[in-house]
Amino acid sequence: FFFKQKTAYEISACLVGSEMCIRDSSYGPPIDIFAIGAIMAELYKFWPLFPGNSEVDQMEKICQMLGTPSQQEWPEGYKLAAQAGYKFPRYQTQSLKRVIPTASSEALQLISDMLKYNPAERPTAAQALQYPYFQCRIPIPEGLDQNAQEELIEQVEKTENKDLSLIHIS
């Protein structure tokens, strides 16, 4: 097994999704969503979540973290594995909260969903943006009088695109 280059860009073994490790020939957005989940985890950990150096090693690291997928969970993965002569290693699921203790529960839910074995169960980019992780929660700065606090809250609620750089307090 060797990583096949799917695009004109260099890929990192640490970001390759489970389906790529067992030679899925179709490349689509769910593969990128898996990579984004791995990148998010890496940003919190300051270290790759799946530091594999080959397809087999990468799949081993994924299984060590996510646990061994069941046939019900990922039937297509088992078909691909059989075609490639690969047998999934047996591991229990690790707690992402234990592995990434600095991440909020909202971040952990998003990362967990992005790292689903079955690509069809991962959120699309548009769905991911609807997760609570991306909801605007702005702390009220200390020292603001009641009128300024109310103005800030009103402006945040009016800002549909959540671009907080557009908010100005007088």
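These numbers come from a predicted model, not from an experiment.

**Some details on the confidence of the model for the protein chain**
Mean pLDDT over the protein chain works out to 80, with 74% of the residues at or above the 70 mark. Below pLDDT 50 for its whole length, residues 1-11 participates in 24 contacts with residues either more than four positions away or in separate chains.

**Details of the pattern of salt bridges**
This structure, assessed with the given rule, holds two salt bridges. Here Asp 57 makes a salt bridge to Lys 61, at a shortest N to O gap of 3.1 Å. Taken together, the positions of Asp 57 and Lys 61, both in helix H3 (residues 55-66) and four residues apart, correspond to about one turn of that helix. Owing to a relative accessible area of 18%, Asp 57 belongs among the buried residues under this scheme.

**Digging into the packing of aromatic side chains**
Under the criterion given, the structure shown has six aromatic pairs. For the pair Tyr 86 and Phe 88, a centre-to-centre distance of 5.5 Å together with 90° between the ring planes defines the contact as edge-to-face. Overall, Phe 88 belongs to the buried group, its relative accessible area being 4%. A ring pair is formed by Tyr 133 and Phe 134, whose centres lie 5.0 Å apart and whose planes are at 85°; its orientation type is edge-to-face. Note on Tyr 133: relative accessible area 28%, which makes it partly exposed.

**Side note on the nonpolar core**
In this structure, Phe 50, Met 59, Phe 88, Ile 100 and Leu 115 are the most contacted members of the largest nonpolar core, which totals 30 residues. Elements that contribute at least two residues to this core include exactly helix H2 (29-45), H3, helix H4 (75-84), helix H5 (96-99) and helix H6 (105-114).

**Some remarks on the side chain of Arg 122**
Secondary-structure assignment places Arg 122 in the loop between H6 and helix H7 (125-128). Its relative accessible area of 5% is what places Arg 122 among the buried residues. Among the polar contacts made by the side chain of Arg 122, one reaches the main-chain carbonyl oxygen of Tyr 117 at a distance of 3.2 Å.

Cut-offs applied
- Residues numbered from 1 in each chain as written.
- Predicted model: local features only at pLDDT ≥ 70, side-chain atom pairs only at ≥ 80, totals over all residues.
- Heavy atoms only, no water.
- pLDDT = per-residue confidence, 0-100.
- Contact = heavy atoms within 4.5 Å.
- Salt bridge = Lys/Arg side-chain N within 4 Å of Asp/Glu carboxyl O.
- Helix = DSSP H or I, 4+ residues; strand = E, 2+ residues; numbered from the N terminus.
- Buried < 20%, exposed > 50% of the residue type's maximum accessible area, 1.4 Å probe, protein only.
- Phe/Tyr/Trp six-rings, centres within 6.5 Å; stacked < 30°, edge-to-face > 60°.
- Core = buried A, V, L, I, M, F, W, Y, C linked by side-chain atoms within 4.5 Å.
- Polar contact = N/O pair within 3.5 Å; in protein donor to acceptor, adjacent residues only side chain to side chain.

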